[in-house]
Amino acid sequence: MTPVTDQELEQLGINVIRGLAMDAPAKANSGHQGTAMALAPLAHVLYTRVMKYDAADPEWFDRDRFILSAGHASILQYSMLHLTGFGLTLDDLESFRQWGSATPGHPEAHTPGVEVTTGPLGQGFANGVGMAIAERNLRARNGVDACDHHTFVIAGDGCLSEGVSHEAASLAGHLGLGRLVVVYDDNHITIDGDASLSLSDDAPARFRAYGWDVDEIGEVAEDLDALEAALDRAKRIEDRPTLIVLRSRIGFPSPDHTDDHEAHGLAFDAGDITRTKEVMGIPDEAFYVPDHVVAHYRLAGGRGSAARAQWERRNPGGAPQATTEGWADALPAFEPGDSIATRKSSQACVTALSDVVPGLIGGAADLTGNTGTKIGDGAPHTAETPEGRQIYFGVREHAMGSVLVGAAKHGGVLPIGGTFLVFADYMRPAVRMAALSEAKCVFVYTHDSVGVGEDGPTHQPVEHIMSLRAIPELQVIRPGDATETAGAWKLALETDGPTALILSRQNMPVLETTSADAVAGGAYVVVDVEEPDAVLIGTGSELSLCVDAAAALARQGVATRVVSMPCWNVFEARPLAEQDEVLPPELPTVSVEAGVTLGWERHADLAVGIDRFGASAPGGTVLRELGMNVDNVVSAVTDLLSAISD
Ligand SMILES: Cc1ncc(C[n+]2csc(CCOP(=O)(O)OP(=O)(O)O)c2C)c(N)n1
Ligand SMILES: [Mg+2]
């Protein structure tokens, strides 16, 4: 039957979404239909009545941002992106979760209309906080004519259970992020069964205590006007984020699986789908999408085009840019012979960049001075001073990581965040998501070895540098001195994805022959000799140790080339012939790095490293005792040479 009233048309649209939410997972022989079905009316209201966007230009800067933190319900987002005209086709929906499709199991930021990659629960929630921070800062600095939008997030019981959402919610409440609207899908169900198996928080009370506005709208998941009213009300609240608590019923309106936890993961069988479509009164036809339903959604998808055109007239130069022309010229140069910790030379770089990179925003997880992440004069980003670019993340590393990802994916800003390297573990899920989604941000990790000293093994990273190198697409740079630190910042800002800078707490010499530009090549010769007998590879604080060891080896008649290798990623991306020029395969090679040796076999015949936890003592003592000393490096080289000649 062709619908006659608007109301009937909207209901048909929702039924069509629910049909797709069953058909696509069934075809892929996977589940995850239950929440997509339950939230079809919410998605319908967001995409047809509430959000500002133009489907013809998914990248329009001043669009509202939508994040499906409950990423397992991805088919809901894909259905909306198809119906409203973002470019996803019905074929794309039919190839849900298949190799090479634009509709992977969980939303990935490279699908047009998907803002951030979600699926690891809680990440999307915290990304939303980063987006709202970026929006508010850009609005304050560029005016409402340039930046004036909201961030909408859908989060479930899982998202609200994860620690990262607690950190991020606390930060968002503290900052009073009015433009952030989170809908909590309070369906009382998680995979194992009733949420009460493991969850008895009073989430509304918890969020009120964080300083959020909380709107418990109850069982209105099918009431489009009530959903719209709640979202509109939330949008008008400017001084604090809003949590809309929506009691929904997973799997609705399936006669067999409504409120059933199996509706989460188990694919509906053909009978389940037939019976559910019968309840909804739509044909029992896979991927049923009648033309007039598409037309209705396409109209909604294009409704923002006028707003976009007006925005483009107001902003002929386009969106605010994070960097300005010639920013790299501002980077400082350092005096050979000086002695300076790379965290300090990094702070000098950040200070210099503050003026020429207006989008530089961020700070540290309560270690701003320690990690050298003070931006400009350090004016804090607060509700009262939204133009401030210094974010005091507090002791919330995980949320900091996710906020950087969200802010980076928002665009217009270049987010940075600092902590001790050993605490990179506290934010690793966010770092991984930054790499997976190509979020351009800089993780500043200082206190990078047992050289931390007296704080002891809890604070002394050993496995961390290598474990970060293990993350695909994460650019890890460990500069060997201050000069290379400037090069590291240049490379980070010229790279599209995330960078982790690995910096020392302790002073180290500024070397004569290091080069900022050479960092972009990943590895290069710092000390060369006519006919080398051996090669030493050093990174970070061990570079100068290698230089000293090479001098000692020379006195013993062993000619040693020293290679600095600040960045594996870019080095390994170079043609093999170029790599061989730096590290000739025929030369015995020893690497020196104050961390686990696992992995160094790739570049070295022998690795000098630290395959144990550190110890509490002055940093120089710990380094020396654990083998980071000239004698040990010299004997590693001579031992290797004699082993080869035997
Ligand atoms: C960090 C993380 N842990 C575990 C999972 C696996 N997982 C996917 S959904 C889910 C929980 C489902 O509960 P809820 O968030 O309430 O979603 P609903 O079933 O209500 O849609 C879990 C444990 C995940 N995606 N991310
Ligand atoms: Mg749930």
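The written sequence of each chain sets the order in which its residues are numbered from 1. As a convention, the first chain written is A and the first ligand written is 1, with the rest following in written order. In view of the model being predicted, local features appear only for residues whose pLDDT reaches at least 70, and side-chain atom pairs are presented and counted only at 80 or more, with totals across whole chains, interfaces and linings using the full set of residues. Values reported for side chains reflect all heavy atoms of the structure, with hydrogen atoms and water molecules removed beforehand.

1. Considering the overall build of the protein chain
Then step 1. Under the scheme used here, helices are H or I runs from DSSP no shorter than 4 residues and strands are E runs no shorter than 2 residues, and both carry numbers assigned from the N terminus. Tallying secondary structure elements over the protein chain gives 25 helices and 18 strands in all.
Then step 2. Just to be clear, the radius of gyration here is over C-alpha atoms, and the globule rule we use is 2.2 Å times residues to the power 0.38. The C-alpha atoms of the protein chain give a radius of gyration of 27 Å, which matches the 26 Å a tight globule of 646 residues would have.
Then step 3. Over its C-alpha atoms, taken along the principal directions, the protein chain stretches across nearly 95 × 55 × 45 Å.
Then step 4. Buried residues are those whose accessible area, probed at 1.4 Å on protein chains only, stays under 20% of the maximum for their type, while exposed residues exceed 50% and partly exposed ones sit between those limits. Among the 646 residues that make up the protein chain, the fraction classed as buried is 62%.
Then step 5. Working note: accessible area of the protein chain is about 23,700 Å², and carbon and sulfur atoms make up 49% of it.
Then step 6. Once the 45 positive and 90 negative side-chain charges of the protein chain are each reduced to a mean point, those two points are 6 Å apart. All accessibility values rest on the Shrake-Rupley procedure with a 1.4 Å probe; residue burial counts only the protein chains present in the view. Under this rule, positive means Lys or Arg and negative means Asp or Glu; His and the chain ends count for nothing. The atom standing in for a charge is NZ when the residue is Lys, CZ when it is Arg, CG when it is Asp and CD when it is Glu.

2. A few points about the pattern of salt bridges
Then step 1. Criterion for a salt bridge: a side-chain nitrogen of Lys or Arg within 4 Å of a carboxyl oxygen of Asp or Glu. For the structure on display, the rule yields 32 salt bridges.
Then step 2. A salt bridge links arginine 308 to aspartate 54; the shortest N-O distance between them is 2.7 Å. In this pair, arginine 308 is assigned in helix H14 (residues 305-314) and aspartate 54 in the loop between helix H3 (40-50) and strand E1 (65-68), connecting sequence segments 254 residues apart. There is no split in this pair, since arginine 308 and aspartate 54 are both buried.
Then step 3. The partner of arginine 308 in a salt bridge is glutamate 312, and the shortest N-O contact between them spans 3.1 Å. Of this pair, arginine 308 and glutamate 312 both sit in helix H14, four residues apart, which is roughly one turn of that helix.
Then step 4. On the accessibility criterion, arginine 308 (19% relative accessible area) is buried.
Then step 5. The class of glutamate 312 is partly exposed, set by a relative accessible area of 36%.

3. Quick word on the site of ligand 1
Then step 1. Throughout this document, a residue counts as near a molecule or strand when at least one of its heavy atoms sits within 4 Å of that molecule or strand. Contacts to ligand 1 come from 15 residues, most closely from Thr35, His72, Gly158, Asn187 and His264.
Then step 2. Polar contact is the term for a pair of N or O atoms within 3.5 Å; when the atoms are in protein, one must be able to donate a hydrogen and the other to accept it, and sequence-neighboring residues count only if both atoms are side-chain atoms. Between histidine 72 and ligand 1, the recorded distance is 2.7 Å, taken from a side-chain N or O atom to an oxygen atom.
Then step 3. Coverage of ligand 1 by the protein amounts to 73% of the 580 Å² it exposes when considered alone.
Then step 4. Broken down by secondary-structure element, the contributors of at least two residues to the shell around ligand 1 are helix H7 (157-161) and strand E4 (189-190).
Then step 5. The residue inventory of the shell around ligand 1, partitioned by class, reads five nonpolar, eight polar and two charged. Residues were grouped as follows: Ala, Val, Leu, Ile, Met, Phe, Trp, Tyr, Cys and Pro as nonpolar; Asp, Glu, Lys and Arg as charged; and all remaining residues, including Gly, as polar.

4. Some words on the packing of aromatic side chains
Then step 1. Between the rings of Phe, Tyr and Trp (Trp by its six-membered ring), a pair exists once the centres lie within 6.5 Å; its type follows the angle of the planes, with under 30 degrees stacked, over 60 edge-to-face, and the other angles tilted. Enumeration according to the criterion identifies 13 aromatic pairs in this entry.
Then step 2. Here phenylalanine 207 and tyrosine 210 contribute two aromatic rings whose centre-to-centre distance is 5.6 Å and whose plane-to-plane angle is 85°, an arrangement assigned as edge-to-face. Of this pair, phenylalanine 207 and tyrosine 210 both sit in helix H9 (residues 203-210), three residues apart, roughly one helical turn.
Then step 3. Relative accessible area serves as the criterion here: at 0%, phenylalanine 207 is assigned to the buried category.
Then step 4. When the centroid spacing of 6.2 Å and the interplanar angle of 10° are considered together, the rings of phenylalanine 443 and tyrosine 445 count as stacked.
Then step 5. On the basis of relative accessible area, tyrosine 445 is assigned to the buried category, the value being 0%.
Then step 6. The structure contains a cluster of three or more aromatic residues connected by ring pairs, namely Tyr47, Tyr53, Phe66 and Phe86.
Then step 7. In this structure, arginine 65 packs its charged tip against the face of phenylalanine 61, placed 5.7 Å from the ring centre. Whether a charge sits over a ring comes down to the Lys NZ or Arg CZ being within 6 Å of the ring centre and within 35 degrees of the ring normal.

5. Considerations on unusual backbone geometry
Then step 1. Following phenylalanine 252, the chain continues into proline 253 via a peptide bond in cis, with omega recorded as 5°.
Then step 2. With respect to the helices and strands, proline 253 occurs in the loop between strand E7 (242-246) and helix H11 (262-265).
Then step 3. In this model, histidine 447 sits at a positive phi of 60°, which is unusual for a non-glycine residue.
Then step 4. Tracing the chain through its elements places histidine 447 in the loop between strand E11 (442-446) and helix H19 (464-469).
Then step 5. Residue classification places histidine 447 among the buried positions, given a relative accessible area of 6%.

6. Quick word on the coordination of the magnesium ion (ligand 2)
Then step 1. Around the magnesium ion (ligand 2), the protein contributes the donor atoms Asp157 (OD), Asn187 (OD1) and Ile189 (O), at 2.1 Å from the metal centre.
Then step 2. Only nitrogen, oxygen and sulfur atoms within 2.8 Å of the metal, or 3.2 Å for Na, K and Ca, are treated as donors, and water is left out, so sites may look incomplete. One chain supplies every donor to the magnesium ion (ligand 2), and in sequence these donors are spaced D-x29-N-x1-I. Within this pair, whereas aspartate 157 is found in helix H7, its partner isoleucine 189 is found in strand E4, the two being separated by 32 residues in sequence.

7. Let's talk about the sheet that holds strand E14 (residues 524-527)
Then step 1. Strands are labelled as partners when DSSP assigns at least two bridges between them. Read from one edge of the open sheet, five strands run E14-E16-E15-E17-E18, paired in mixed fashion. Looking at the sheet topology across the chains shown, the edges are occupied by E14 and strand E18 (606-608). Between one strand and the next, the sheet's axes are offset by a mean angle of 30°, whatever the strand orientation.
Then step 2. In the sheet, strand E15 (residues 534-538) pairs with strand E17 (residues 589-592) via four bridges, with the strands oriented parallel. Bridge assignment links glycine 538 to a residue of E17, and that residue is valine 592. Note on definitions: angles span 0 to 180 degrees between N-to-C directions of axes, and those axes are lines fitted to C-alpha atoms, for helices only across the stretch in contact.

8. Considering the environment of glutamine 98
Then step 1. Relative to the assigned elements, glutamine 98 resides in the loop between helix H5 (90-94) and helix H6 (123-142).
Then step 2. For glutamine 98, a relative accessible area of 39% gives the class partly exposed.
Then step 3. Separated by 3.0 Å, the side chain of glutamine 98 and the backbone oxygen of phenylalanine 96 make a polar contact.

9. As for the sheet that holds strand E12 (residues 475-477)
Then step 1. The strand order across the open sheet built from six strands is E9-E8-E10-E11-E13-E12, with neighbouring strands paired in parallel fashion. Either end of the sheet is taken by a strand with one partner, and the two such strands are strand E9 (390-392) and E12. On average, adjacent strands in this sheet sit at an angle of 20° to one another, irrespective of strand direction.
Then step 2. With four bridges joining them, E11 and strand E13 (residues 499-502) adopt parallel strand pairing. Each residue of the ladder has a partner; that of phenylalanine 443, found in E13, is alanine 500.

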